[in-house]
Amino acid sequence: MKKQSLFLVIIFLFFAQNIFSQSVPQVRETKISGFNATSAETQKQLEIKFDANLNRENIGKNIKNLSAKPHALGSPGSKENAGYILAQYKSFGWDAKIETFKVLFPSPKTRVLEMIAPTSYKALLKEPALKEDATSGQADQLPTYNAWSADGDVTGDVVFVNYGLPADYEELAKMGIDVKGKIAIAKYGRSWRGIKPKVAQEHGAIGCIIYSDPKDDGYGAGDVYPKGAFKSEYGVQRGSVMDMVIYPGDPLTPGIGATEDAKRLDRLKATNLIKIPVLPISYHDAKPLLEALDGPVAPADWRGGLPITYHVGPGKTKVHLQLAFDWKLVSCYDVIAMMKGSQYPDEWVLRGNHHDAWVNGASDPISGQAAMLEEAKSIGELVKTGWRPKRTLVYCSWDGEEPGLIGSTEWAETHADELQKKAVVYINSDGSGRGFLGAGGSHALETLVDEVAKDVTDPQTKVTVYERRKAETITSASTTKAKKDALAKNTLQLDALGSGSDFSVFLQHLAVPSLDLGYGGENNGGEYHSIYDSYDNYVRFKDPGFYYGVTLSQTAGRAALRMANADLLPFDFRHLYTTVNDYTKETIDLLQQTKENTEIENQLIKTNAYVLATDPTKTFIVQKAQDEVPYLDFSPLQNALIALQKSSDSLSKIWERAVKINSDHVALNKSLYQAEQQLLTTTGLPRRGWYKHALYAPGFYTGYGVKTLPGIREAIEQRNWKEAQEQINIDAQAINKLSNYLMNIADRNQ
Ligand SMILES: [Zn+2]
């Protein structure tokens, strides 16, 4: 290891010398935001050594070891993996321990799905072992199911509801079809899975079946496993249907840590649990049910890839769905490893990835976990040479992410006060593979991620991961204007974060500045949450050679090390201003669009246009005219943005000056990393107060998909005009609070 790093340093110095002698005959300045010229150079040297310690074979070995057995929350495999990870951190020289929580986790006792009319068919509900996949025949796999489905024994007619989203039910209503007292069958895709049973339940369904249509991730998308990566006819996507958009984590302990003696809710009172039975199935099991449906032919864009004519139903098809679960408390093992900071031990740079999987989970989550362990190993090597991070690094391997972000949520709820005092940043990753950098998070950290992306090399093309991502963004843009805009942009733009991984509690509940990083886009397939997310699959289709495992370590590790060592933390709130300004324009547009759509729709209804345009032999139910859309007063928000622009500009001038001064900046740094907490609202979002961030939340009807300025946007979408106005005022208040806070920092540091 050491020899290799020395070699790289020499190579680097050689090239640096060359560049130096050919260009400006002055002191070469390495620029990293938040570092003065000297410390930036030291940091660059550190990163070269950090990279040299990363080893792709070792990442591959850890992926193999940690995916060797099924390791869902509460299983012996999860406990074993937590022990393995703990031993690794300790062997790297970290101060590591396991924090255990007691959390609810249902596992299936009874699973029956059968068609009893017009013909009979008993669903297999089983993914077969494959000789090409060594772990696919293991005994202790969790069966195919949706965690948090209710117990239930129901028999009823079946209705095909497309992707099961609110707009699909509007289409059904026009056809005169409803799901009341019936069982809805929905396709996976277009939204987080938990939205489908939730919307079915809202419309009176007594059960919900979710299947994977071959058009989406089966033979319609590519060759199926094991020939290719896509879903075979028996593949099933497991997954949680907890209503995480109400609150994630253990359903029995909202807002508090699920410690041994925590006060627990009665399960039937948990507001994030569904009341109807829900079951995921393969397209092999879905085909007989769909084929037997009567009723109108499904609209063209509802039809999938099965060789049948898709009907909406109902008809003679009757289905019996019976599910029962063991609702037990299990142990949730979070592995927490610390490397104490030499100068600011009470400032924490957090890095996390979950370790639990639905089954073997080589891709989700072990690929990210192995990259994170490799970072910890490399940092351990650096510490052995006498170096230490200035701030404390906290590496977290979470359990229980799959059922509902349980390990991270319970840990962060337990340590909430300490985190709001000490947490400088939380950097998340999850399953990762070959392709392009994906980066989302707190927009004040855009410069940090931009600079990191321009310093990491893409292993396939040898350009920077920034350039590769930019090329992909430009070429895949759908309009000429979008292409032009993407071409003109020379900095990386962070996506906004919704949900679906462990950053949620840090960002949306505590407003700890957060990032989510990963690689993908060339690793597509149909293995997600099935027994085929295995090592054998991973090495063929996800990241052969584990090159992107190293790239992820370089990316997330650099971000962590720069935040740990920065003289002045690289928060730039001007990016936050620009982003929120765009979001505000979007919500104003949304209102205007809704207004125009409503006017046109109401006119079409009034003039009978829909009826006249419909084939008279088919049913068309005319919907009621909708209420008029009022104008809302966005001025509080617009004024708050003007103030934010001024304060973020003033602060950035102070920041630019301060970073050049050799000082420890303790007070200023603390103010910077705690600033995002100003965006927490006191009440949280309407009907889901756990989500307190004014800017980012998972959508009530999109799940993982983000809603920015969620209170305003969702009130408009739900046509709740009074609430929309209230939310404009609440968000304006939060933004004003932030700009006063930033202005105060600027004034104090004049
Ligand atoms: Zn995951």
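Residues take numbers from 1 onward in each chain, read along the sequence in its written order. Note on the predicted model: pLDDT of at least 70 is required for a residue's local features to be given, and 80 or more for side-chain atom pairs to be given and counted; whole-chain, interface and lining totals, by contrast, use all residues. To get the side-chain values, take all heavy atoms of the structure and skip hydrogens and water.

Digging into the side chain of Ser 78
Formally: Strands here mean DSSP runs of E at least two residues long; helices mean DSSP runs of H or I at least four residues long; both are numbered from the N terminus. Each residue gets one of three labels from its accessible area relative to the maximum for its type: buried under 20%, exposed over 50%, partly exposed in between, using a 1.4 Å probe on protein chains only.
Take Ser 78: it is sitting in helix α4 (residues 76-91). Residue classification places Ser 78 among the buried residues on the basis of a relative accessible area of 0%.

Considering helix α18 (residues 547-565)
Side chains of residues three or four places apart in an α-helix project in the same direction, reflecting 3.6 residues per turn. The test is simple: Here a helix's expected span is defined as the number of its residues, less one, multiplied by 1.5 Å.
The terminal C-alpha atoms of α18 lie 27 Å apart, and with 19 residues this matches the ideal 27 Å at 1.5 Å per residue to within 8%. The element α18 is largely enclosed, with a buried count of 18 among its 19 residues.

Thoughts on the pattern of salt bridges
Side chains that carry opposite charge are capable of pairing whenever their charged atoms lie near each other. Note the following rule: When a carboxyl oxygen of Asp or Glu lies within 4 Å of a side-chain nitrogen of Lys or Arg, that pair is called a salt bridge.
Counted by the stated rule, this structure contains 37 salt bridges. A salt bridge links Asp 178 to Lys 182; its shortest N-O distance comes to 2.9 Å. Accessibility expressed as a relative area gives 40% for Asp 178, which makes it partly exposed. Note that Glu 714 and Arg 688 form a salt bridge whose closest N and O atoms lie 2.7 Å from each other. Of this pair, Glu 714 sits in helix α23 (residues 710-717) while Arg 688 sits in the loop between α22 (666-674) and β15 (696-698), and the two are 26 residues apart along the sequence. Like Glu 714, the residue Arg 688 is buried in the burial classification. Put simply, Lys 44, Glu 47, Asp 51, Asp 455, Arg 558 and Arg 562 are held in one network by salt bridges that share partners.

Overview of the pairing of strand β6 (residues 207-211)
Cut-off, in case you're wondering: A clockwise path from the first strand over the helix to the second, with the strands pointing away from the viewer, defines a right-handed crossover. In this description, strands pair whenever DSSP reports at least two bridges between them.
Of all five residues in β6, five are buried, a share of seventy percent or more. Going residue by residue along β6, you find Gly 207, Ile 209 and Tyr 211 tucked away on one face and Cys 208 and Ile 210 tucked away on the opposite face as well. For the crossover that starts at strand β5 (residues 183-187), traverses helix α6 (residues 195-202) and ends in the parallel β6, the hand is right-handed. Relative to strand β8 (residues 278-281), β6 runs parallel, the two being bridged by four bridges. For Cys 208, the partnering residue across the bridge sits in β8 and is Val 278.

Considering empty space enclosed by the protein
Applicable threshold: Cavity and pocket criteria rest on a 1 Å grid covering protein atoms alone: a 1.4 Å probe that fits but cannot get out defines a cavity, protein on both sides within 12 Å along at least 5 of 7 lines defines an open pocket, and an atom within 4 Å of a point defines a lining residue. Grid points are joined across faces, edges and corners, and a volume is the space filled by probe spheres set on the points. Polar here means any residue other than Ala, Val, Leu, Ile, Met, Phe, Trp, Tyr, Cys and Pro, which are nonpolar, and Asp, Glu, Lys and Arg, which are charged; Gly is therefore polar.
Counted under the stated rule, the structure contains five cavities of 30 Å³ or more. Roughly 50 Å³ of volume is contained in the largest cavity. Around the largest cavity, the lining residues are Thr 681, Gly 684, Leu 685, Tyr 691, His 693, Ala 694, Gly 711, Gln 727, Ile 730 and Asp 731. Split by residue class, the lining of the largest cavity holds four nonpolar, five polar and one charged. In this structure, the second largest cavity encloses a volume near 40 Å³. In terms of lining, the second largest cavity is formed by Tyr 225, Ala 229, Phe 230, Lys 231, Ser 232, Gly 235, Gly 526, Glu 527 and Tyr 532.

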